[in-house]
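# Notes for the structure review
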Amino acid sequence: MIPKLDYQMHDLLIQIFMPPLENKKDFYKQNQEFIQHFKKIEKKVLISIEKFSGFRWSKKIIPVYMIPNGGIPSFAKSNLEENTPGVVQRIYGTNKRATHILIHELTHINQFQSDFHSKSNSFIFDKKGVKNYMRTELCSDIVCIHVLRDLFGNKSSYEADYWNFQNNVRTSSPGIEKKIPIYLKKWNLNKKTLREYILK
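Before going into details, it helps to say that this report is about the structure given with it. Residue numbers here run from 1 along each chain, matching the order of that chain's written sequence. Selection of residues for local features in this predicted model requires a pLDDT of at least 70, selection of side-chain atom pairs for listing and counting requires 80 or more, and totals for whole chains, interfaces and linings are taken over all residues. Heavy atoms throughout the structure, all of them, feed into the side-chain values; hydrogens and water do not.

### A closer look at unusual backbone geometry
We note that Asn83 has phi near 60 degrees; this positive angle belongs to a residue other than glycine. Structurally, the position occupied by Asn83 is in the loop between strand E3 (75-81) and strand E4 (84-90). The phi angle at Lys155 is positive, at roughly 60 degrees, despite the residue not being glycine. Mapping Lys155 onto the fold places it in the loop between helix H5 (133-152) and helix H6 (157-168). With a 1.4 Å probe rolled over the protein chains alone, any residue whose accessible area is under 20% of its type maximum counts as buried; one over 50% counts as exposed, and the rest are partly exposed. Among the residues examined, Lys155 registers a relative accessible area of 80% and is labelled exposed. Numbering of helices and strands runs from the N terminus; a helix is a DSSP stretch of H or I covering at least four residues, while a strand is a stretch of E covering at least two.

Below, the structure is given as structure tokens:
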């Protein structure tokens with residue numbers, strides 16, 4: 001089963017995160033442009049995520065709350081709506097950036113919808129059951145890169161912007177940009193899925 005994205009705008013979130021100097025009409029315009037752009041590749045993205053991760057989608061709908069380009073970065077939440085994982089997606093300056101960031105967040109939704117977070121995943125849980133959040137992010141990044149290459153080819157402008165974001169903008173998981181190339185060499189998801197690498 002491949003889910004569908006349910007793009008939503010909520011006035012309260014827009015009021016909270018709208019930068020003081022940004023025009024609300026500009027946000028609505030950018031928002032609609034991005035949604036139209038992403039809808040063209042949405043199904044391919046979700047199929048590709050499942051193909052490379054090896055983790056099955058289990059819900060029909062993924063809510064995506066759209067917010068302005070200000071305040072907080074995009075994030076995935078395990079219970080954005082009742083018993084439903086979803087994404088809070090920030091509108092970035094370009095569709096390229098917003099695209100690879102939404103793909104990254106959707107890989108986290110794929111994790112929430114599956115058994116990725118089970119204690120049998122010794123890659124992200126230590127022997128005491130403590131979760132390593134950087135390793136969780138690393139799994140999402142590796143799948144995200146494979147999806148970008150699957151959709152847009154090797155060394156695409158989308159991947160170039162992804163690396164620019166990793167090296168110059170991203171503030172969460174400091175140091176992860178050095179680990180990603182190492183695991184890209186260790187994990188070839190064209191040969192084995194992420195699940196096959198980490199759930200042994």
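### Brief notes about the pattern of salt bridges
Throughout this description, the term salt bridge denotes a Lys or Arg side-chain nitrogen within 4 Å of a carboxyl oxygen of Asp or Glu. Under the defined criterion, the tally for this structure stands at five salt bridges. Arg149 is paired through a salt bridge with Glu159; the nearest N and O atoms lie 2.8 Å apart. Taken as a pair, Arg149 in helix H5 and Glu159 in helix H6 lie far apart in primary sequence, 10 residues in all.

### Structural notes on the packing of aromatic side chains
In summary, the pairing rule links any two rings of Phe, Tyr or Trp, Trp by its six-membered ring, whose centres are within 6.5 Å, and it sorts them by plane angle into stacked for under 30 degrees, edge-to-face for over 60 and tilted for everything else. Counted under the stated rule, the structure contains nine aromatic pairs. A centroid spacing of 5.2 Å and a plane angle of 85 degrees characterise the contact between Tyr162 and Trp163, whose relative ring orientation is edge-to-face. Linked through ring pairs, Phe123, Tyr183, Trp187 and Tyr197 together constitute an aromatic cluster. Here the basic side chain of Lys96 rests over the ring of Tyr158, its NZ or CZ set 5.5 Å away from the ring centre. Its guanidinium or amino end placed over the ring of Phe123, Arg135 lies 4.3 Å from that ring's centre, counting from NZ or CZ. Either the NZ atom of lysine or the CZ atom of arginine qualifies as a charge over a ring when it sits within 6 Å of the ring centre and within 35 degrees of the ring normal.

### Remarks on H6
Multiplying 1.5 Å by the helix residue count minus one yields the expected span of that helix. Its 12 residues give H6 an end-to-end C-alpha distance of 16 Å, which sits within 8% of 16 Å, the value for a rise of 1.5 Å per residue. Along H6, the positions that sit buried rather than exposed are Tyr158, Glu159, Asp161, Tyr162, Phe165 and Gln166. The buried residues of H6 all sit within an arc of 160 degrees when viewed along its axis, so they share a single face. This arc describes the spread of directions from the helix axis toward the C-beta atoms.

### Side note on the packing of helix H4 (residues 95-112) against H6
Note on definitions: angles span 0 to 180 degrees between N-to-C directions of axes, and those axes are lines fitted to C-alpha atoms, for helices only across the stretch in contact. Direction vectors running N to C along H4 and H6 enclose 75 degrees, while the axes themselves pass 9 Å from each other. When the interaxial angle is binned, H4 and H6 end up roughly perpendicular. Where H4 abuts H6, its residues Lys96, Arg97, Thr99, His100 and Ile101 lie against Ser157, Tyr158, Asp161, Tyr162, Asn164 and Phe165. Gly counts as polar in this scheme, as do all residues outside two lists: the nonpolar Ala, Val, Leu, Ile, Met, Phe, Trp, Tyr, Cys and Pro, and the charged Asp, Glu, Lys and Arg. When its residues are assigned to classes, the contact of H4 with H6 shows four nonpolar, four polar and three charged. Should an angle fall under 35 degrees it is called roughly parallel, over 145 degrees roughly antiparallel, and 65 to 115 degrees roughly perpendicular, with every other angle called oblique. Between two residues, a contact is recorded if the distance between any of their heavy atoms is within 4.5 Å.

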